[in-house]
Amino acid sequence: MGALVTLDLPADAPALTLPWIITFGPMDDEEEWEPVVCGPYERAHALALAEAVVADEDLMAVVEPLQPHVTVAQIQGDIAASRMAAENEDLETAALDEELGDHHHDHDHDHEDDDHTHEPPSVDDIRAGFARIAAKLTS
């Protein structure tokens, strides 16, 4: 039996109305293959599909909302929030490791590529893309 990971949201959370995706991947590090991303779905459909797939498979399914951001600032805001959450988790883990005498450290290295200076699409272009995706999904 596999594992299903999703957000624990209150019943009135705005994210519940967003489209959701499922990412299926291996349960452990020994298995190496590219994750499979499916969707978009309504949340209930995504959860049901993920549960059905991992019920008899040793897989992990991550069910999460798609964020239909239309500006670079919105995306950067979510990235900053995610980084802050990870830093807080790292600080908590480091404090626990120090308390337990564990000195294991993971180092992430950022590799920036200055050759990629693409202009982001306009809000109207992005919304038109959403409409094209919706048309493909409903045809």
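One structure accompanies this document, and this report is about it.

Cut-offs used in this document
- Residues numbered from 1 in each chain as written.
- Predicted model: local features only at pLDDT ≥ 70, side-chain atom pairs only at ≥ 80, totals over all residues.
- Heavy atoms only, no water.
- Helix = DSSP H or I, 4+ residues; strand = E, 2+ residues; numbered from the N terminus.
- Buried < 20%, exposed > 50% of the residue type's maximum accessible area, 1.4 Å probe, protein only.
- Contact = heavy atoms within 4.5 Å.
- Areas by Shrake-Rupley, 256 points an atom, 1.4 Å probe, with all protein chains shown as cover.
- Pairing = 2+ DSSP bridges.
- Axes fitted to C-alpha atoms, helices over the stretch in contact; angles between N-to-C directions.
- Phe/Tyr/Trp six-rings, centres within 6.5 Å; stacked < 30°, edge-to-face > 60°.
- Lys NZ or Arg CZ within 6 Å of the ring centre and 35° of its normal.
- Core = buried A, V, L, I, M, F, W, Y, C linked by side-chain atoms within 4.5 Å.

Quick look at the overall build of the chain now. Within the chain one finds three helices and four strands. Along the chain, helices (α) and strands (β) appear in the sequence β-β-β-α-β-α-α when read from the amino end. Across the 139 residues in the chain, those meeting the buried criterion constitute 17%. When contacts within the chain are restricted to residue pairs at least 6 apart in sequence, those whose partners lie at least 24 apart make up 65%. Carbon together with sulfur atoms contributes 54% to the accessible area of the chain, which is approximately 11,100 Å² in total.

Below, the discussion takes up the sheet that holds strand E4 (residues 59-65). What the four strands build is an open sheet, ordered E1-E4-E2-E3; its pairing is mixed. Of all the strands in the sheet, just strand E1 (3-6) and strand E3 (36-41) have a single pairing partner and so form its edges. Neighbour to neighbour, the strand axes of the sheet diverge by 20 degrees on average, direction disregarded. In terms of strand pairing, strand E2 (residues 20-26) meets E3 through four bridges, oriented antiparallel.

Moving on, we come to the packing of aromatic side chains. Evaluated as defined, the whole model comprises zero aromatic pairs. Over the face of the ring belonging to Trp 20 we find Arg 43, whose NZ or CZ atom lies 4.9 Å from the ring centre.

Of all hydrophobic cores here, the largest spans 10 residues; its members are Trp 20, Ile 22, Phe 24, Ala 46, Leu 47, Ala 50, Val 54, Leu 59, Ala 61 and Val 63. When contributions to this core are tallied by element, the ones reaching two or more residues are E2, helix H1 (43-54) and E4. Residues within four places of Ala 46 in sequence aside, it is in contact with Trp 20, Ile 22, Tyr 41 and Val 63.

So, on to the environment of Cys 38. Along the chain, Cys 38 turns up in strand E3. Judged by its relative accessible area of 22%, Cys 38 falls in the partly exposed class. Distance from Cys 38 to Ile 21, taken between C-alpha atoms, is 5.6 Å for residues 17 residues apart in sequence. Not counting chain neighbours up to four residues away, the residues in contact with Cys 38 comprise Ile 21, Ile 22 and Phe 24.

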